[in-house]
Amino acid sequence: MNQTQKIIEELSRLGVDLLSSPYKEIQESEADRRDYYLSELYHFLKSYDFMRFGQAVNRGQWEAAYMILRRMEQRSAELGFHWGRSMTGLKHAVRQKNAQEAKQILTTMIAKRVQFMTLLQSYAEILD
């Protein structure tokens, strides 16, 4: 079993559902496509959308926060990355304009994000 396959298995264990992503047809012989998927996932997790969302909430820019959240949700779905109840909770908090709740949920999402990024960074030679 190669490193890329180990990464994919670990991501699946942590909650990334490759079967619901456009990359579900990845075969072991398709190393380039697997590496591309891992790179896409890494760049999504590294994106500034999380910071922008937090800034929009802090500034009370609820429409901007909702737009950022929708973009994050769409990209997550494309990659087969499921936040579970966190994304639903964030949408609810934004609709209710509850900054405290939104910040608390975002904190848990960032912790999960860091966990995934740490895993992916440990295999940085594949990603860049």
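You'll find the structure just up there.
Notes on the structure follow. (Residues numbered from 1 in each chain as written. Predicted model: local features only at pLDDT ≥ 70, side-chain atom pairs only at ≥ 80, totals over all residues. Heavy atoms only, no water.)

### A word on the overall build of the chain
(1) Moving on: Within the chain, the secondary structure is distributed over 7 helices and 0 strands.
(2) Moving on: Secondary structure elements of the chain, listed N to C terminal, follow the sequence α-α-α-α-α-α-α.
(3) Moving on: Scored against the burial criterion, the 128 residues of the chain give a buried share of 44%.
(4) Moving on: Long-range pairs, those at least 24 residues apart, make up 65% of the contacts in the chain with a sequence separation of at least 6. (Helix = DSSP H or I, 4+ residues; strand = E, 2+ residues; numbered from the N terminus. Buried < 20%, exposed > 50% of the residue type's maximum accessible area, 1.4 Å probe, protein only. Contact = heavy atoms within 4.5 Å.)

### Considerations on the packing of helix 4 (residues 62-79) against helix 5 (residues 85-96)
(1) Moving on: Two elements in contact, helix 4 and helix 5, have axes separated by 10 Å at closest approach and are oriented at 165°. As judged from the angle between their axes, helix 4 and helix 5 are roughly antiparallel. Crossing of helix 4 over helix 5 shows left-handed handedness. Contact residues: helix 4 offers W62, A65, Y66, L69, M72, E73 and S76, while helix 5 offers M87, L90, K91, A93, V94 and R95.
(2) Moving on: For the contact of helix 4 with helix 5, the class distribution of residues is 9 nonpolar, 1 polar and 3 charged. (Axes fitted to C-alpha atoms, helices over the stretch in contact; angles between N-to-C directions. Parallel < 35°, antiparallel > 145°, perpendicular 65-115°, else oblique. Left-handed = near helix turned anticlockwise from the far one by under 90°. Nonpolar A, V, L, I, M, F, W, Y, C, P; charged D, E, K, R; others polar.)

### Structural notes on helix 3 (residues 49-58)
(1) Moving on: Along helix 3, the residues classified as buried are D49, F50, F53, G54, A56 and V57. Each buried residue of helix 3 sits inside an arc of 160° when the element is viewed along its axis, so together they form one side.
(2) Moving on: Downstream of helix 3 by one or two residues, G60 has phi in the positive range, about 75°. (Arc of directions from axis to C-beta.)

### Observations regarding the environment of M117
(1) Moving on: Its location among the elements puts M117 in helix 6 (residues 99-121).
(2) Moving on: Residue classification places M117 among the buried positions, given a relative accessible area of 12%.
(3) Moving on: Taking C-alpha positions, M117 is 6.8 Å from L45, a pair spaced 72 residues apart along the chain.
(4) Moving on: Residues contacting M117, with those up to four places away along its chain left out, are Y42, L45 and K46.

### Notes on the environment of A102
(1) Moving on: Along the polypeptide, A102 turns up in helix 6.
(2) Moving on: Between the alpha carbons of A102 and V57 there is a distance of 7.5 Å; along the sequence they are 45 residues apart.
(3) Moving on: Once you skip the residues sitting within four places of it in the chain, A102 turns out to touch V57, L90 and A93.

### As for the side chain of K91
(1) Moving on: In this structure, K91 sits in helix 5.
(2) Moving on: Within the structure, K91 has its side chain in polar contact with the side chain of E73 (distance 2.9 Å).
(3) Moving on: With residues up to four places along the chain from it excluded, the contact list for K91 reads Y66, L69 and E73. (Polar contact = N/O pair within 3.5 Å; in protein donor to acceptor, adjacent residues only side chain to side chain.)

### Side note on the pattern of salt bridges
(1) Moving on: Evaluated as defined, the whole model comprises 5 salt bridges.
(2) Moving on: A salt bridge links R75 to E78, with the nearest nitrogen and oxygen atoms 2.7 Å apart. Of this pair, R75 and E78 both sit in helix 4, 3 residues apart, roughly one helical turn.
(3) Moving on: A residue is classified by how much of its surface remains accessible, and R75, at 22% relative accessible area, is partly exposed.
(4) Moving on: Overlapping salt bridges bring together E40, R75 and E78 as one network. (Salt bridge = Lys/Arg side-chain N within 4 Å of Asp/Glu carboxyl O.)

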